[in-house]
Amino acid sequence: MPDIAAQSTEVTLQGSVLVLLQFDVCEAIRLDQLRELIRARTVTPLPQKRPAPGSVRYQRPPVVEPLESLVLESGERLQGEIKYYDYGVLSVVFELPFTGGWDKLTGLASRWVWEVDFAEQATEIVRGRLEHAGPALIKPYKKWLSEDYLIFHIREIDGSPSVTDIIQQHGPRIAQVVRGDTGKLAESECNEVLQSRISYYANDLTVIGWNAAFLYDSTSGAQTAIQLLEYANSQLLDFRHYDDLLTAELERVYLLLDEGTGLFARWRLARSATRLHTVLLDVAELTERADNAIKFLSDMFAARLYKLAAAKVGVPDYKDLVTQKIRTAEELYRFMVDQFNQSRAFFLEVTVVVILVIELIYLFRGKAI
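Remember, predicted model here, so these are calculated numbers, not experimental data. (Residues numbered from 1 in each chain as written. Predicted model: local features only at pLDDT ≥ 70, side-chain atom pairs only at ≥ 80, totals over all residues. Heavy atoms only, no water.)

Draft legend 1. Region of interest: the nonpolar core. Tyr 84, Leu 105, Trp 112 and Phe 214 are the most contacted members of the largest nonpolar core, which totals 59 residues. Among the elements that make up this core, the one with the highest residue count is strand 1 (residues 13-29) (eight residues). Filtering out sequence-adjacent residues up to four positions away, Tyr 84 remains in contact with Ile 29, Leu 31, Leu 34, Ile 38, Pro 62, Val 63, Glu 65, Val 89, Leu 90, Arg 129, Leu 130 and Ala 133. In terms of nonpolar packing, the next biggest core, distinct from the first, is built from 46 residues, Ile 226, Ala 232, Leu 250 and Ile 294 among them. (Core = buried A, V, L, I, M, F, W, Y, C linked by side-chain atoms within 4.5 Å. Buried < 20%, exposed > 50% of the residue type's maximum accessible area, 1.4 Å probe, protein only. Helix = DSSP H or I, 4+ residues; strand = E, 2+ residues; numbered from the N terminus. Contact = heavy atoms within 4.5 Å.)

Draft legend 2. Representation of unusual backbone geometry within the structure. A positive phi is found at Lys 139, a non-glycine position, where the angle reads about 50°. As for its position among the elements, Lys 139 is in strand 7 (residues 137-157). If you check the backbone angles, Ser 160 has positive phi at about 45° while not being a glycine. As for its position among the elements, Ser 160 is in the loop between strand 7 and helix 4 (163-179).

Draft legend 3. Spatial organisation of the packing of aromatic side chains. For the structure shown, the criterion picks out eight aromatic pairs. On the numbers, 5.1 Å between centres and 75° between planes, the contact of Trp 112 with Phe 118 is edge-to-face. Across this residue pair, the class does not change: Trp 112 and Phe 118 are buried. Between the aromatic rings of Tyr 200 and Tyr 201, the centroid separation amounts to 4.9 Å while the plane-to-plane angle is 85°, which identifies the pairing as edge-to-face. Given a relative accessible area of 40%, Tyr 201 falls into the partly exposed group. Each member of the aromatic cluster is reached from another via a ring pair, and the members are Tyr 200, Tyr 201 and Phe 301. Taking the ring centre of Phe 98 as reference, the NZ or CZ of Lys 104 above it sits at 5.3 Å. Directly above the ring of Trp 144 sits Arg 127, whose terminal nitrogen or CZ lies 4.4 Å from the centroid. (Phe/Tyr/Trp six-rings, centres within 6.5 Å; stacked < 30°, edge-to-face > 60°. Lys NZ or Arg CZ within 6 Å of the ring centre and 35° of its normal.)

Draft legend 4. Expanded view of the side chain of Ser 91. Here Ser 91 shows up in strand 6 (residues 89-100). Look at Ser 91 and you get buried, because its relative accessible area is 0%. Here the side chain of Ser 91 touches Glu 230 through a polar contact of 2.5 Å, side chain to side chain. What Ser 91 contacts, discounting residues up to four positions off in sequence, is Leu 21, Gln 22, Glu 81, Ile 82, Lys 83, Tyr 85 and Glu 230. (Polar contact = N/O pair within 3.5 Å; in protein donor to acceptor, adjacent residues only side chain to side chain.)

Given below as structure tokens:
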């Protein structure tokens, strides 16, 4: 890797910086009803990197509504919009045009990653918008989970370098931007960041980190990457919610089982088993809806880009946690049902014995008389 100090400080970059802030606000959103309430538009199909017979498209395109500008304490003015996904996630996107050198970009990245609390400001905006969109929400949550992500989209670099030249000349700078750090990173850390890169043409580059990404592409070319990064983060948010939901439900079941599984305690298990099974069905339905929100038809580059983005932000990890807890819940459900069935069978046997005893008593009494 070249020394950062040896790199030219006169290189000018042009593009924009996007802030993605996402909130899991309800179980689902009726998009048709929402569109009538707020008179918003829907997201257009994702553009493809190359002409192909297939496409990348939303199963149910999110509804988009413009937002008023957000002015930071530093005086920076960001244009914004809000997207409503049918699986209950709201995505607030703020964008700031950028022109300057690498020093300015790394400084901005560090400040926005560590110092600016976008989530707090976006939360107030979302609450205000939901006052009008409330009737379209299905089972709103009292507590919201949130995710934030930064995208540094550079459209032009002086000299229009190729991907190979960008990595060789500016690799350490890109790593700083993705990490949100102005200090000189170790070569091993730079390599770690740059390993998570993907390109289709010789003049486009996407480098993905867990909380930020660097894009070098045209405005139209970058749209697929931006929307897939947004989708991956919304999936992460949904799986975090399912993980919390299943954790709370399993803790409740464990407490119930700790109280004992005696004859009478087993009767209480029936209601708890029914509730647990309902939760499992809800999670399965909502997970399928989130997983199938986007379809990849013949666009394998977009599919690979999404897989990389999902892996970097942690979607597979949370999905595995949810899957494990679903299996545990299913085993508990079967155990609780078995315990209840045993208790019911025992009760029926006792009832039959009691009836027989009563009949025998009356039979012998009759003979004695």
